[in-house]
Amino acid sequence: MEFSIKSGSPEKQRSACVVVGVFEPRKLTLPAELLDKAAKGYISDIIRRGDMEGKSGTTLLLHNVPGSLCDRVLLVGLGKEKEFREKEYCDAIRTAVKTLNETGAFDGTLFLTETGPKRRGVAWRIRQASMVAQEAVYRFDQYKSKKAEIRRPLRKLTFAVERRNELPPAEEALAQGNAIAEGIALARNLGNQPGNVCTPSHLAEQAMQMAQETGMSCQVLEREEMEALGMHSLLSVAKGSRQAPKFIILEHKGGKVGDKPLVLVGKGITFDTGGISLKPAADMDEMKYDMCGAAAVLGTMQAAARMALPVNLVALVPSCENMPGGNATRPGDIVTSMSGQTIEILNTDAEGRLILCDALTYAERFEPEAVIDVATLTGACVVALGHVATGLFANEDSLARELLTAGEEAHDRAWHMPLWDDYQDLLKSPFADMGNVGGRWGGAITAACFLSRFAKKYEWAHLDIAGTAWKSGSDKGATGRPVSLLTHYLLKRTEKLQ
């Protein structure tokens, strides 16, 4: 879809459809009032008759509105004005774009961006509008022999700003929003691929292709190189699969030479059966999403490169399958991690932490400013936070606050969870330095405590996205979270450098 920015009055727009908002109960926004004035009360008369109350999620399409130059006017309900905040704004944009896409309008001009949350500036409103618009029309249907047809899909979307001096920041924000949306789409596409396509080798190929297109550097370590480095914890997970493990290293060198990089680590289990500790059959197909941490990290790297962010970034993606087999790791086996710490594997379905711990140790060689790992790590996090918030753990409160703020800005929210030493005792093992699970209670916390033992040499945060990386049910599919949170964190970081 093509996007543009313009300033101007809605009644003067030569467009297939102009979109304006209506607050509940039956209150026109300023752009809607301007249209209504040009139409000599035509719109307000319709609203008074009860055709449109302004409830959130409702729409009313009008044709041939007097006094306007557009073919159609779409009224979008915004809910109550005093309750109109970030979520309601994004919902309104999403509703508008989905409706436009179904009307047959080739292009549309949105005056909703003039009516965003009062505490958010024009840059935020445009950036979010671009991201939400592209999320609204996203489809993954490449494996369908008969694709759903849209008679005239929306191809051009124009966002309106109130004043001409708002055009430069709006244009910059639009470019950022488009780059972030592209990164989210990449993460969703990777997550939605079936496990027989999206193997560790496929992830590596995608990373190398991205590097060629964006100017980043990419290196892929094979099994023999991982063995030489002592990554026996990671390799223990891969032992049951015929798919070769890969360790992907992607670098964006946008900062100054010598500046410490930020390191992003993404869990890349391309299919998780649970190994010998086999998962139940129900819903196991969703375990193709167990590489959504890797997908999010790759999507974030692509967005950062597209925005040419002036920061040094490193992405580390340990990737393999977790399969049962004659050579698979057994419960009770003991492995030595790259750090030299030994791990008793009590449950082979707690495999994500086993590949991440070696990646966290590998991250030390970059002398990073901070390390953030992203993983669909625990069902316990879903129990704790549902599908709304990502679980956030950190060994520095300042880093946690930065990520929480970025999540609020992006409307891709996280919740700060405890990482107290009291939980560390649950990982004790009589035979090794630690067990890989800590029992039934506080599972998301003990998983984070396990990872923290390998992240003592730098500032570190862990994002457990098990509840936010994908949706089940009728709206099934990867969400692309937390690409938006991470990119907004990077944007704030780079603002401080300038």
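So, here's what we can say about the structure. Along each chain, residue indices are assigned from 1 in the same order as the chain's sequence is written. For a predicted model such as this one, the threshold for reporting local features is a pLDDT of at least 70, and the threshold for listing and counting side-chain atom pairs is 80 or more; totals across whole chains, interfaces and linings nevertheless cover every residue. Calculation of side-chain values draws on the structure's entire complement of heavy atoms; hydrogens and water are dropped beforehand.

Examining the overall build of the protein
- Secondary structure follows DSSP: runs of H or I at least 4 residues long count as helices, runs of E at least 2 residues long count as strands, and numbering of each begins at the N terminus. On a plain count of helices and strands, the protein comes out with 14 helices and 21 strands.
- Radius of gyration (C-alpha) of the protein: 25 Å, near the 23 Å computed for a compact globule of 498 residues.
- C-alpha atoms of the protein, sized along the principal axes, occupy 80 × 50 × 45 Å.
- A burial count over the protein gives 59% of its 498 residues as buried.
- Whether two residues are in contact is decided by their heavy atoms: any pair within 4.5 Å suffices. Taking the contacts inside the protein whose residues are at least 6 apart along the sequence as the reference set, 78% of them involve residues at least 24 apart.
- We treat Lys and Arg as the positive residues and Asp and Glu as the negative residues; His and chain ends play no part in the count. Every charge is mapped to an atom, namely NZ of Lys, CZ of Arg, CG of Asp or CD of Glu. The protein carries 60 positive and 62 negative side-chain charges, and their two centres are separated by 6 Å. Computation of the radius of gyration draws on C-alpha atoms, with the globule rule given as 2.2 Å multiplied by the number of residues to the power 0.38. For every residue, the accessible area (1.4 Å probe, protein chains only) is compared with the maximum for its type, and the residue is labelled buried under 20%, exposed over 50%, or partly exposed between those bounds.

Quick look at helix α10 (residues 352-362)
- The element α10 is largely enclosed, with a buried count of eleven among its eleven residues.
- Looking at α10, one finds that the buried residues are G352, R353, L354, I355, L356, C357, D358, A359, L360, T361 and Y362.

Some thoughts on the pattern of salt bridges
- Salt bridges, as used here, are contacts in which a Lys or Arg side-chain nitrogen is within 4 Å of a carboxyl oxygen on Asp or Glu. Evaluated as defined, the whole model comprises 28 salt bridges.
- E81 serves as the salt-bridge partner of K27, at 2.5 Å between the closest nitrogen and oxygen. One end of the pair, K27, is in strand β3 (residues 27-28); the other, E81, is in the loop between β5 (72-80) and α3 (86-103), and 54 residues separate them in sequence.
- Its relative accessible area of 32% is what places E81 among the partly exposed residues.
- The residue R306 makes a salt bridge to E182 at a minimum N-O spacing of 2.9 Å. Linking R306 in helix α9 (residues 292-306) with E182 in helix α5 (residues 167-192), this pair joins segments that are 124 residues apart in sequence.
- A relative accessible area of 38% means that R306 is categorised as partly exposed.
- Each of E86, R119, R120, R127 and E409 takes part in salt bridges that share partners, so that together they form one network.

Focus on the sheet that holds strand β18 (residues 434-435)
- A pair of strands is considered paired only if DSSP assigns at least 2 bridges between the two. In space, the three strands of this open sheet follow the order β13-β14-β18, with mixed pairing throughout. The two strands at the open ends of the sheet, each matched to only one other strand, are β13 (334-336) and β18.
- Relative to strand β14 (residues 342-344), β13 runs antiparallel, the two sharing three bridges. Across the sheet, the residue bridging to T336 is T342, located in β14.

Section: the nonpolar core
- Residues M301 and Y489 are the most contacted members of the largest nonpolar core, which totals 62 residues.
- Among the elements that line this core, the one with the most residues is α9, at ten residues.
- Once residues lying within four places of it in the same chain are set aside, the contact partners of Y489 are L262, A370, I372, L399, E402, L403 and A406.
- The criterion is simple. A nonpolar core is a set of buried Ala, Val, Leu, Ile, Met, Phe, Trp, Tyr and Cys residues joined through side-chain atoms within 4.5 Å. M226, M338, L354 and F450 belong to the second largest nonpolar core, which has 49 residues in total.

Observations concerning helix α4 (residues 122-136)
- Expected helix span is computed as 1.5 Å times (number of residues minus one). Its 15 residues give α4 an end-to-end C-alpha distance of 21 Å, which sits within 8% of 21 Å, the value for a rise of 1.5 Å per residue.
- Here α4 lies mainly inside the structure; twelve of its 15 residues are buried.
- All of the buried residues along α4 are V122, W124, R125, I126, R127, Q128, A129, S130, M131, V132, A133 and A136.

So, the packing of aromatic side chains
- Only rings of Phe, Tyr and Trp enter the pairing, Trp through its six-membered ring, and a pair is recorded when the two centres are within 6.5 Å. The plane angle decides the type: under 30 degrees is stacked, over 60 is edge-to-face, the rest tilted. What the rule picks out here adds up to ten aromatic pairs.
- On the basis of an interplanar angle of 50 degrees and a centroid distance of 6.1 Å, the ring pair of F140 and Y143 is categorised as tilted.
- Residue Y143 is classed as partly exposed on the basis of its relative accessible area of 46%.
- Pairing F450 with F454 gives two aromatic rings, centres 5.3 Å apart and planes at 45 degrees, and the pair type is tilted.
- Its relative accessible area of 0% is what places F450 among the buried residues.
- Cluster of aromatic residues (ring-pair linked, three or more members): F23, F84, Y89 and W124.

Here we look at the pairing of strand β15 (residues 370-375)
- For β15, a buried count of six out of six residues is recorded, marking the element as mostly surrounded by other parts of the structure.
- Because side chains alternate across β15, one face comprises the buried residues A370, I372 and V374, and the other comprises V371, D373 and A375, equally buried.
- Note: β15 against strand β19 (residues 460-464), five bridges, orientation parallel. Residue pairing in the sheet places A375 in a bridge with D464 of β19.

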